[in-house]
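Close look at the chain arrangement
These are the residues of each chain, in order.
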Amino acid sequence: MPSFDTESAPDTPLPLFHDWFAQAAAAGQAEPQTMSLATSDEDGRADVRIVMLHGADAEGWWFATHAGSRKGRQLRTTPYATLGFYWSVQGRQVRVRGAVRAQSGEAGQADLRARSTGALASALVGRQSELLDSYDQLARASEAAWKRAGREPDAQAPSWTLYLLEPDEVEFFQGDIHRRHVRLRYRRSAHQPPIWQKELLWP
């Protein structure tokens with residue numbers, strides 16, 4: 001596993017995330033853009049699932065889903081979440097915590113247009129997290145959605161929503177064969193512009 005020199009870590013977490021992401025891809029990590037999305041409902045019960053990262057920039061970390069899905073409903077009532085990346089080929093993890101904001105409908109449709117025909121077809125099927133009568137019902141809806149996506153590449157899927165997680169904490173975890181794992185946490189201050197404080201954590 002690679003070493004992690006925390007003394008040379010940048011002052012803000014985004015450049016380090018970009019470096020680790022690129023290194024994971026170069027090392028052969030399958031689908032490094034996949035991440036766990038942890039949310040909670042209004043009663044504080046936790047939930048988690050795997051979703052795709054749609055980008056990470058100065059504003060925050062981006063992902064998308066249907067607003068009416070379970071995670072969409074949870075984010076509406078409790079707009080705070082944690083993202084978890086696990087890149088096993090290098091023994092690395094990244095956790096990103098922060099408030100989540102739904103973006104405009106136009107932003108959601110622009111995000112969908114930038115994706116594949118399959119992604120559009122899946123979005124057009126919709127009804128995510130609703131009860132399904134049978135697999136045949138899904139197959140018929142999916143076939144119709146694929147045909148429409150091929151015929152109308154700009155078709156609208158109104159429930160498709162782009163979300164921005166604005167981080168207040170980002171942790172980088174580097175595994176070690178002697179279990180001396182290295183954990184570096186960035187915590188964001190309330191100052192404007194924000195200041196990031198770096199802290200080492202016991203493994």
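Rules used throughout
- Residues numbered from 1 in each chain as written.
- Predicted model: local features only at pLDDT ≥ 70, side-chain atom pairs only at ≥ 80, totals over all residues.
- Heavy atoms only, no water.
- Helix = DSSP H or I, 4+ residues; strand = E, 2+ residues; numbered from the N terminus.
- Buried < 20%, exposed > 50% of the residue type's maximum accessible area, 1.4 Å probe, protein only.
- Contact = heavy atoms within 4.5 Å.
- Areas by Shrake-Rupley, 256 points an atom, 1.4 Å probe, with all protein chains shown as cover.
- Lys, Arg positive; Asp, Glu negative; His and termini not counted.
- Salt bridge = Lys/Arg side-chain N within 4 Å of Asp/Glu carboxyl O.
- Polar contact = N/O pair within 3.5 Å; in protein donor to acceptor, adjacent residues only side chain to side chain.
- Axes fitted to C-alpha atoms, helices over the stretch in contact; angles between N-to-C directions.
- Parallel < 35°, antiparallel > 145°, perpendicular 65-115°, else oblique.
- Left-handed = near helix turned anticlockwise from the far one by under 90°.
- Nonpolar A, V, L, I, M, F, W, Y, C, P; charged D, E, K, R; others polar.
- Expected span 1.5 Å × (residues − 1).
- Arc of directions from axis to C-beta.
- Core = buried A, V, L, I, M, F, W, Y, C linked by side-chain atoms within 4.5 Å.

Description of the overall build of the protein chain
Within the protein chain, the secondary structure is distributed over five helices and nine strands. Overall, the protein chain shows an N-to-C arrangement of helices and strands of α-β-β-β-β-α-β-β-α-α-α-β-β-β. When its C-alpha atoms are laid out on the principal axes, the protein chain stretches across 55 × 35 × 30 Å. The 203 residues of the protein chain split such that 38% are buried. Long-range pairs, those at least 24 residues apart, make up 64% of the contacts in the protein chain between residues at least 6 apart in sequence. In the form shown here, the protein chain has an accessible surface area of approximately 11,600 Å², with 51% of it arising from carbon and sulfur atoms.

Some points on the side chain of Asp-111
Relative to the helices and strands, Asp-111 is located in helix H3 (residues 105-113). Buried and unpaired, Asp-111 has Arg-115 as its nearest opposite-charge partner, separated by 4.9 Å. There is a polar contact of 2.8 Å between the side chain of Asp-111 and the side chain of His-54. In this structure Asp-111 touches His-54, Ala-64, Trp-160 and Leu-162, once residues within four positions along its chain are discounted.

A closer look at the packing of helix H4 (residues 117-125) against helix H5 (residues 135-151)
Packing of H4 against H5 leaves a shortest axis separation of 8 Å and a crossing angle of 130°. Of the possible angle classes, the one that applies to H4 and H5 is oblique. Crossing geometry of H4 relative to H5 is assigned as right-handed. Counted together, Thr-117, Gly-118, Leu-120, Ala-121, Leu-124 and Val-125 of H4 and Leu-138, Ala-141, Ser-142, Ala-145, Trp-146, Arg-148, Ala-149 and Gly-150 of H5 form the full contact between these two elements. For the contact of H4 with H5, the class distribution of residues is nine nonpolar, four polar and one charged.

Points about the pattern of salt bridges
Tallied over the full model, the rule gives 14 salt bridges. A salt bridge links Arg-148 to Glu-152; the shortest N-O distance between them is 3.6 Å. Assessed through its relative accessible area of 32%, Glu-152 is described here as partly exposed. A salt bridge links Arg-151 to Glu-152, with the nearest nitrogen and oxygen atoms 3.8 Å apart.

Focus on helix H1 (residues 13-26)
With 14 residues, H1 should reach 20 Å at 1.5 Å per residue; the first-to-last C-alpha distance of 20 Å fits that figure. Among the residues of H1, those classed as buried are Pro-13, Leu-14, Leu-16, Phe-17, Trp-20 and Ala-24. Projected down its long axis, H1 shows its buried positions confined to an angular sector of 160°, all on one face. Where H1 ends, the next residue or the one after it, Gly-28, has phi of about 95°, a positive value.

Here's the deal with the nonpolar core
Formed by 29 residues in total, the largest nonpolar core has its most connected members in Phe-17, Trp-61, Phe-63, Leu-83, Phe-85, Val-94 and Phe-172. Secondary-structure elements contributing two or more residues to this core are H1, strand E1 (34-40), strand E4 (61-66), strand E5 (80-87), strand E6 (92-102), strand E7 (160-174) and strand E8 (182-188). When residues in this core are grouped by element, the largest group, five residues, is from H1. Once residues lying within four places of it in the same chain are set aside, the contact partners of Phe-17 are Leu-53, Ala-56, Trp-61, Phe-85, Trp-87, Val-94 and Phe-172. Judged by nonpolar contacts, the second largest core, of 14 residues, contains Trp-62, Leu-120, Ala-145 and Ala-149.

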